[in-house]
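Residue-level structural notes
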Amino acid sequence: MNADDNRYVEITTRLRSVKSFCDFLSRGGIVRIAQSDSGPYQDVTAALLQRHCREAEALERTRRHLFPDRADEDVQPSLYSRHDRRH
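This write-up is about the structure you can find in this document. (Residues numbered from 1 in each chain as written. Predicted model: local features only at pLDDT ≥ 70, side-chain atom pairs only at ≥ 80, totals over all residues. Heavy atoms only, no water.)

Comments concerning the environment of Asp43
Keep this limit in mind: Only runs of H or I of at least four residues qualify as helices and only runs of E of at least two qualify as strands under DSSP, and these elements are numbered from the N terminus. Contact criterion: two residues are considered in contact whenever any of their non-hydrogen atoms come within 4.5 Å of each other. By the criterion applied in these results, polar contacts are pairs of N or O atoms within 3.5 Å in which, for protein atoms, one can donate a hydrogen and the other can accept it, and in which residues neighboring in sequence qualify only through two side-chain atoms.
Within the fold, Asp43 resides in strand S2 (residues 41-43). A sequence separation of 13 residues divides Asp43 from Ile30, and the C-alpha atoms of the two residues are 7.2 Å apart. Contacts of Asp43, omitting those with residues within four sequence positions, involve Ile30, Val31 and Arg32. Of note is the side chain of Asp43, whose polar atom sits 2.6 Å from the side chain of Thr45.

Written out as structure tokens, the structure reads:
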């Protein structure tokens, strides 16, 4: 792969990851953090969802700018797939 292909793969992989996390949060995922080891947990889901949605938009703009011929390629399937174990 040349440097452009590597950059395209890097951006697209990051975009998939960010969108997958946004999907997780949008479907009811919750993120809580504690400010200290003994502190109470606080829900930061809304803030993380907003931050990651903005990051996804920025990555899409960057990819569109750098790779206009491939910018509209779908970033699906998601990074994480389910394995069907039916026999």
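What to know about the packing of aromatic side chains
Stated formally: Centres within 6.5 Å make a pair out of two Phe, Tyr or Trp rings, where for Trp the six-membered ring is used; the pair is then stacked when the planes are under 30 degrees apart, edge-to-face when over 60, and tilted otherwise. When accessible area is computed with a 1.4 Å probe and restricted to protein chains, residues below 20% of their type maximum are described as buried, those above 50% as exposed, and intermediate ones as partly exposed.
Here the structure, examined in full by the defined rule, presents two aromatic pairs. Taken together, a centroid distance of 5.2 Å and an interplanar angle of 80° make the contact between Tyr8 and Phe67 edge-to-face. Of this pair, Tyr8 sits in helix H1 (residues 3-26) while Phe67 is found in the segment after helix H2 (45-66), placing the two residues 59 residues apart along the sequence. Here Tyr8 matches Phe67 in class, with each residue buried. Measuring from centroid to centroid gives 6.1 Å for Phe21 and Phe24, while their planes differ by 25°, and the two rings are stacked.

Quick word on H2
Here is the rule we go by: Here the expected length of a helix is defined as 1.5 Å per residue gap, with one fewer gap than residues. The reported arc concerns the directions from the helix axis to the C-beta atoms and nothing else.
With 22 residues, H2 extends 31 Å between its outermost C-alpha atoms, agreeing within 8% with the 32 Å of an ideal straight helix rising 1.5 Å per residue. For H2, the set of buried residues is Thr45, Leu48, His52, Ala56, Leu59 and Arg63. When H2 is viewed along its axis, its buried side chains cluster within an angular range of 75° and face the same direction. Across H2 from its buried face, at more than 90 degrees, point the exposed residues Ala46, Gln50 and His65.

A short note on the nonpolar core
Formally: As used here, the term nonpolar core means buried Ala, Val, Leu, Ile, Met, Phe, Trp, Tyr and Cys residues forming a set that is joined through side-chain atoms within 4.5 Å.
In terms of nonpolar packing, the biggest core is built from eight residues, these being Tyr8, Ile11, Leu15, Val18, Cys22, Ala56, Leu59 and Phe67. Every element with two or more residues in this core is listed here: H1 and H2. Counting residues per element, this core draws most heavily on H1, which supplies five residues. Look past the residues within four positions of Ala56 in its chain and what remains in contact with it is Leu15, Val18 and Lys19.

Just geometry here; none of it tells us what the structure is for.
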